[in-house]
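One-letter residues, chain by chain:
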Amino acid sequence: MGLAPNQSRRELKGGARLLTASLPDRASASLVLMFKVGSRFEDDRIGGISHFVEHLFFKGTPKRPTAKAIAEAIEGVGGWMNASTDKEVTVYLCRVTSDRLGLAADVLCDIVSNSQLAPPDIERERMVILEELKMYLDQPQDYVHSLFERIMWPDHPLGRDIIGTMESVSGTSRDDLTSYVRGHYGLPNLVVGLAGAVDVDGAPELLESRLALPESLNGIELTAPSTLERPTVFLQRKDTEQAHICLGTRGVSYHDPDRYAVDLLNTILGQGMSSRLFLEIREKRGLAYDVHSYTSKHYDCGYFAVYAGVDPSKAVETVHAILAELRKVVDQDVPESELTKAREFTKGRLRLGLESTNAMASWLGQQELLAGRIRPVAEVVAAVDAVDQATIRRVARRVLDQPVQMAVIGPFASDAEFRAATGA
């Protein structure tokens, strides 16, 4: 499994898995419950139901019948609790002082096992989520990424917002919710990450005695996205002060051997104030305050993207400048000094990011749940160091020599100039 000496993996009853990292010098302990369920597992009619369920699990159980009681249980001892829903995973996490780990386990296991899904809570939270969705739609710097994913993954669940739509959230019934929980929140879909000053030997009993989840699940077969044959431009006309641009290409999955090279390519192009896009678009040309690149990886696919927020009169110029920078890494070798800097940036961010018990518990759980294999930090570092100039250029051609997809929000009468820039 590639576990470090202070880490362990154990099978729990019903098919759940427990990954632990003993960090006895820490004052805290972090517990993360990860379920292999997310918006990719939904159909359009109940789009956003994974996120809806995540919200409702914090509203009450027979033991703690209100949201206040759940929150006070953890906050009352100085702890922190949260949750998140993504395309392929839903996460519930808690960080407490190590002597309160039993309480954290009791609360988290309780909310995922015994949520009441009470009709009044459902209706109140439905309204909250609809307001959340309206807020999101009113923030073009965020919403442009959703439009980009819509054209990156056309007619596919990955292209739908995690939160769902006004219609799907409004139409989701209690029967839909309870059926979805029964079908997806089972022990075979659960990975537990635990890190900090913890009793490794006592951890299985700590969890097994509190988890009351089914030992079987609905069979779900994920559908791969269709290929993209040509560039696409999607313009949403909106009276904004800035034009918000998101453009990119298909990338790689988190199983792909090239994923570390893609991460380095992303660092070189758009991570940090010394990246190429930042220096060219912001520092040299003064076109944007915020310009950066990022990647998204899923089970069988992924993408590479660039975002920029610019004056509408400079939007087409910015698109040309971004595409020119992407072209350079395809046509020319990245200098060894720049590649070395990217390697050190990536390794440093990884090591610093794993300092907290919460990050370590999440790191272990995510690798087990999504990749099925734990890669020690030293192995990842070695893989990053192994990426050379030839690999970067090969991967740049593989990823960037594909049809460019672009979403734009701004006060434009036509998308013709954007189409001309991308060849759409």
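The shown structure was predicted, so the numbers you read here are calculated from the model rather than taken from an experiment.

A word on the layout of surface pockets. Empty space within the largest pocket amounts to approximately 1,600 Å³. In terms of lining, the largest pocket is formed by 44 residues, of which the most central are D263, T295, S296, K297 and Q366. Here the residues of the lining of the largest pocket sort into 16 nonpolar, 14 polar and 14 charged.

Strand order in the open sheet formed by 5 strands is β7-β11-β8-β10-β9, and the pairing between neighbours is mixed. Both edges of this open sheet fall to β7 (232-237) and β9 (288-297), since each of them pairs with a single strand only. Averaged over all adjacent pairs, the angle separating strand axes in this sheet is 15°, with direction ignored. Where strand β8 (residues 243-250) meets strand β10 (residues 302-310), 8 bridges bridge the pair, whose relative direction is antiparallel. Its bridge partner being in β10, C246 is matched across the sheet by Y307. Packed onto the sheet, helix α5 (residues 140-152) meets β7, β8, β9, β10 and β11 (405-410) and runs at close to 150° relative to β11.

With that settled, the discussion passes to helix α15 (residues 389-400). The end-to-end C-alpha separation of α15 is 16 Å, in line with the 16 Å expected for 12 residues at 1.5 Å each. Those residues of α15 lying buried are T391, I392, V395, A396, V399 and L400. In an axial view of α15, the angular spread of the buried residues amounts to 135°, which keeps them on one side of the axis. Residues of α15 that are buried make contact with β8, α9 (259-270), β10, α11 (315-331) and α12 (336-353).

To continue, consider the pairing of β11. Burial of β11 is extensive: 6 of the 6 residues sit out of reach of the surface. Because side chains alternate across β11, one face comprises the buried residues Q405, A407 and I409, and the other comprises M406, V408 and G410, equally buried. Where β7 meets β11, 6 bridges bridge the pair, whose relative direction is parallel. Paired with F234 across the two strands is A407, which belongs to β11.

Assignment of secondary structure puts D121 in helix α4 (residues 119-137). Only 2.6 Å separates the side chain of D121 from the side chain of R124, close enough to count as a polar contact. Once residues within four sequence positions are removed from consideration, D121 is found in contact with L56 and K59.

Analysis parameters
Residues numbered from 1 in each chain as written. Predicted model: local features only at pLDDT ≥ 70, side-chain atom pairs only at ≥ 80, totals over all residues. Heavy atoms only, no water. 1 Å grid on protein atoms, 1.4 Å probe; cavity = no way out; pocket = protein on both sides within 12 Å on 5 of 7 lines; lining within 4 Å. Points joined across faces, edges and corners; volume = space filled by probe spheres on them. Nonpolar A, V, L, I, M, F, W, Y, C, P; charged D, E, K, R; others polar. Pairing = 2+ DSSP bridges. Helix = DSSP H or I, 4+ residues; strand = E, 2+ residues; numbered from the N terminus. Axes fitted to C-alpha atoms, helices over the stretch in contact; angles between N-to-C directions. Contact = heavy atoms within 4.5 Å. Expected span 1.5 Å × (residues − 1). Buried < 20%, exposed > 50% of the residue type's maximum accessible area, 1.4 Å probe, protein only. Arc of directions from axis to C-beta. Polar contact = N/O pair within 3.5 Å; in protein donor to acceptor, adjacent residues only side chain to side chain.

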